[in-house]
Amino acid sequence: MSGLRLAWIKFSRDRLAFTGFLIILCLILTALFAGVLAPYPEDTFKIRPAERLKPPSLKHFLGTDSMGRDIFSRLLFGARITLIISIIAVGASLLIGVPLGLIAGYFENWLSELIMRIADVFLSIPQIILAIFLAQTLGPSIPNVILALSITYWPWFTRIVFAETRVLKNAVFIEATEALGTGPLQTIVLHVLPNVSSPIIVRSSIGMGYTILTAAVLGFLGVGAQPPTPEWGVTIAESRQYLPEAWWYATFPGLAIFLVVLGFNMFGDGLRDILDPRIRRGFE
Amino acid sequence: MNQNLKEALLVVTKLIVQFHTDRGVVKALDGAELRVGKGEVVGLIGESGCGKTTMARSILRVLPSGGRIINGAVFFKGRDLLAMEERDLNTSVRGKMITLIPQDPFNSFNPVFSVGTQIKDILKWKGEAKANRGIDETIIWDMLGQVQIPSPEGQLKKYPYQFSGGQRQRLMIAMALLPSPDLVIADEPTTALDVTVEAQILRLMTGLVRGREISVLFITHDLGVASEVCERIVVMYAGQDMEDGPAEILFSDPRHPYTIELLESLPNPEGKIRDIPGEVPSLIHPPEGCRFHPRCPSARGSCSRQRPERVEVALGHWTRCFHPVR
Amino acid sequence: MEEPILEVRELSKYFRGSVSFLSKKVRWIRAVDGVSFQVQKGETFGLVGESGCGKSTLGKTILGIYRPTEGSVIFKGRMISHLPRKEAKEVRKDIQYVYQDPGASLDPYWKVGSTLSEPLAIHTSLPKESIRNQVLKMLDDVGLKEEHLSLYPHEFSGGQQRRLGLARILCLNPSLVILDEPTSGLDVSVQATILKLFKELKNSFDLTYIFISHNLSVVRMMCDRMAVMYAGKIVEMGETQAIFNDPIHPYTKVLLAAIPQVGKKLNREEDLSLSGEPPNPENFPLGCRFWPRCHYKMDICESVEPVLAAGTDGGWVACHLIGQR
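What counts and what doesn't
Here the residue numbering is sequential within each chain, running from 1 through the sequence in written order. Whichever chain is written first is A, and whichever ligand is written first is 1; the rest continue in order. Owing to the predicted nature of the model, reporting of local features is limited to residues with pLDDT of at least 70; listing and counting of side-chain atom pairs is limited to 80 or more, with chain, interface and lining totals taken over all residues. Where helices and strands are cited, they refer to DSSP runs of H or I of at least four residues and of E of at least two residues respectively, numbered from the N terminus. Note on burial: count the other C-beta atoms lying within 10 Å of the residue's C-beta; 20 or more is buried, 12 or fewer is exposed, in between is partly exposed, and C-beta positions come from the backbone. A pair of residues counts as a contact when their C-beta atoms, built from backbone coordinates, are separated by no more than 7 Å. Two strands qualify as a pair provided DSSP detects at least 2 bridges between them. Axis lines are fitted to C-alpha atoms, over the contacting stretch for helices. Their N-to-C directions set the angle, which ranges from 0 to 180 degrees. In this count, Pro and Cys sit with the nonpolar residues alongside Ala, Val, Leu, Ile, Met, Phe, Trp and Tyr, while Asp, Glu, Lys and Arg are called charged and the others, Gly among them, polar.

Draft legend 1. Focus on the overall build of chain A. Helices and strands together make up the secondary structure of chain A, namely eleven helices and zero strands. Reading the secondary structure of chain A in the N-to-C direction produces α-α-α-α-α-α-α-α-α-α-α. A principal-axis box enclosing the C-alpha atoms of chain A has dimensions of 75 × 50 × 25 Å. Evaluated residue by residue, chain A yields a buried proportion of 43% over its 284 residues. Looking at chain A alone, contacts between residues at least 24 apart form 71% of all its contacts between residues at least 6 apart.

The structure is reproduced here in structure tokens:
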């Protein structure tokens, strides 16, 4: 049985992780097929004043908002925005953070110190505050949200890759390949990187959860996505005036955020369990 | 030479143990049998996967998760340990009547507690005292002296990292002997040690055990060590016991083909190297009948269909083979 | 006499040890201390000793993984111990090292086929096809099959992993191979198979071996000459058979007496047993490093370190007793 298949079997037995996986799958499918699944796809820009603030019904599953737009449809499109923001933000953090971590970990010189101290500086500032500051300064928009998130998240990757690389540096097979004459760049990219991939993948999953939450916070505060974008945080911000009567207005976007973040965290945890001891060292 | 007349302390019969893993069911022990007399030092030898460690763990019923004892009996002082209640086993047998010297002295101690605390803990749990304070340290010092740890009084406060591998193994031996056990199971006790330290430890162990009528089940893959220390040897292969006899006879006049092949593959000064063709079989899909038959030069007929019974080929010397040599 | 393929002169390797809190003085771990020997082409030279004696460090320093603190390594007449990176890479092709833990020396994420091709990919500019052919031939030489190329290291047994380690370094056609504990952890029968393989490969590839091991029975069988190490120094050196027949250094005597052997009964002779503990590498005793445990110790041993001196039968011993003989 191949390692992948065995890993899948083990993974599917972990109920929490599997649930997380299903949630993420739903998110992706929703984002991809929002146009098809939404009963009122035009509600991303169209308004229906006559249908303002209607509670959940058969016609509007999750109710309508202050402009009469179908909340359910807007949530579905919001999933698309959420996913795009997070994927790009986490992707960018990865691209910045991982190479820096590899360099800092593999070499033991002034460069490593520099990189890690810069990372420390970023990590010492509460991330939400930094993100808000950046978003404010740069101007509220989705691209700036992505930028702000990338800048605050890359040090997490650097730190974890640094730690793993430092340990791995002394591994016998790294020494063996160096003894054969492999240069540092090749060693890092071809040997160290694959072996630190598991913590990177786990952290990416958790990072997705983090960026989704932070993006929503920024949207909520008005420094991120702007109305009429159907972003979840923005929707919650809009709903404030109408609470507690229009409870559905805030509850469903909030629930969506909660579920998705939970899903990524559970999935990440489950990944951590199966990735390292299983695939790497074989099955005892 | 009256080994078979020595009163039996431990008798393992028809022990079948399996492990359930993601890859399939590992048939680790296939009806293995073993007998240890009172005050006897019996060596359990074999290569990796032969089941010797599984045997030790089954006797104490400390198999890892996934391990199941399917069948068989372990008679100890007349009682079947496999049928005993877990609680009885814990209070009266484990760590008391049967003690274990584990394989790796470097990892057998808890690094954050002093050695004294750990030794006293064991005595406390075994009912020797109600609390650590109530334990008479002189008993421990006396034992440490017997395992040749110098100035024992000051040693109890020290932490495991302050002792070398050889010293830790001596402490392990002390802990195994303090409860005055009837049987000590020594699982590869010197494998992790240098050869000179090994010699010291072996000398120590044989000296201590001889005086007190303590039986030892000595598990090792090193035939030289087994030969030096054990009175009787049981040879195992792939979960089956193959030969059982007095050490001197077994090594000078082996009857089972596997034992012969094993002895011949030992390094010899002449420089001629002989190895056993083939590979150790998978225990998930082991061969039918005698598990050595695919590699055995004498295999024929029923070897591939039926497992041989124990046959006494000489006084006190048994082998499981349809065609024992000579 | 023909020039030796390898010569080690007064080689030392020290590591930084603990730093004294008050005086800030660094204590050095003298893992290898002033070791000198020669290896002839085509022989199997054994480095023998117990844990901490420095044999593995010595092997790695010869190879170049560690830079020597003092002394030099001369390979094929050329000083290789302090070469710049580029030239060191050239030399690396010719001396290879087989690791103690064979599985650990293989990248767990790489298919074994890629790992085996790596040395050739680095050191030559051969096309993929040729590399693959070489690898296949090597696999065959070590007794493995083509289908093994697409498997991962953890899917092999210990014995097979060792073969893989061998195949990997043989691709580069080295002249000298340093084997570090090549049979540790192996069952007796697997050990025999591997040793057989070593002998065959040595003949077919015209290799010279440095055989580092603490397993004396194996060393006796495989090595033409050997050096016994204790606390970073060589205490006795010479033809293997001669040393086994008549060990001179007190440590060698004790070491050989301790080897468990089938048919031998446990040794009870006082002067053949070793007591005490190995010395602390940060704090070796003055004089001979073995004197605290030596049954034959004399006064001079506590203050003067013995040098490796030629004995009568072509062997070398570092012991003050020699003068007495």
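Draft legend 2. View of the sheet that holds strand β10 (residues 240–246) of chain B. Residue and element names in this part refer to chain B. Pairing is mixed in the open sheet, where eight strands are placed in the order β6-β7-β8-β3-β9-β10-β12-β11. Of all the strands in the sheet, just β6 (98–101) and β11 (311–314) have a single pairing partner and so form its edges. Each adjacent strand pair in this sheet contributes to an overall mean axis angle of 20°, direction not counted. Bridging between β10 and strand β12 (residues 317–319) involves two bridges; their strand directions are antiparallel. Among the inter-strand pairings, Asp-244 is bridged to a residue of β12, identified as Trp-318.

Draft legend 3. Representation of the interface of chain B and chain C in the model. Every contact between the two is made by 34 residues of chain B and, on the other side, 30 residues of chain C. Of all the secondary structure elements, the ones that give two or more residues to the side of chain B that touches chain C are α7 (195–212), α8 (223–229), α9 (247–252) and α10 (257–264) of chain B. For the side of chain B that touches chain C, the leading source of residues is α7 of chain B, giving eight residues. Residue composition of the side of chain B that touches chain C, grouped by class: 14 nonpolar, twelve polar and eight charged.

Draft legend 4. Structural view of unusual backbone geometry. In the segment running from Pro-227 of chain A into Pro-228 of chain A, the intervening peptide bond is cis, with an omega of 10°. Mapped onto the elements, Pro-228 of chain A comes out in the loop between α9 (197–221) and α10 (232–239). Looking along the chain, the bond that leaves Leu-243 of chain A and enters Pro-244 of chain A is cis, with omega of -5°. Position of Pro-244 of chain A among the secondary structure elements: in the loop between α10 and α11 (247–281). The backbone phi angle of Lys-77 of chain B is positive, close to 50°, even though this residue is not glycine. Residue position: Lys-77 of chain B is located in the loop between β4 (67–76) and β5 (79–80). Positive phi outside glycine occurs at Glu-188 of chain B, with the angle close to 50°. Topologically, Glu-188 of chain B is positioned in the loop between β7 (183–187) and α7.

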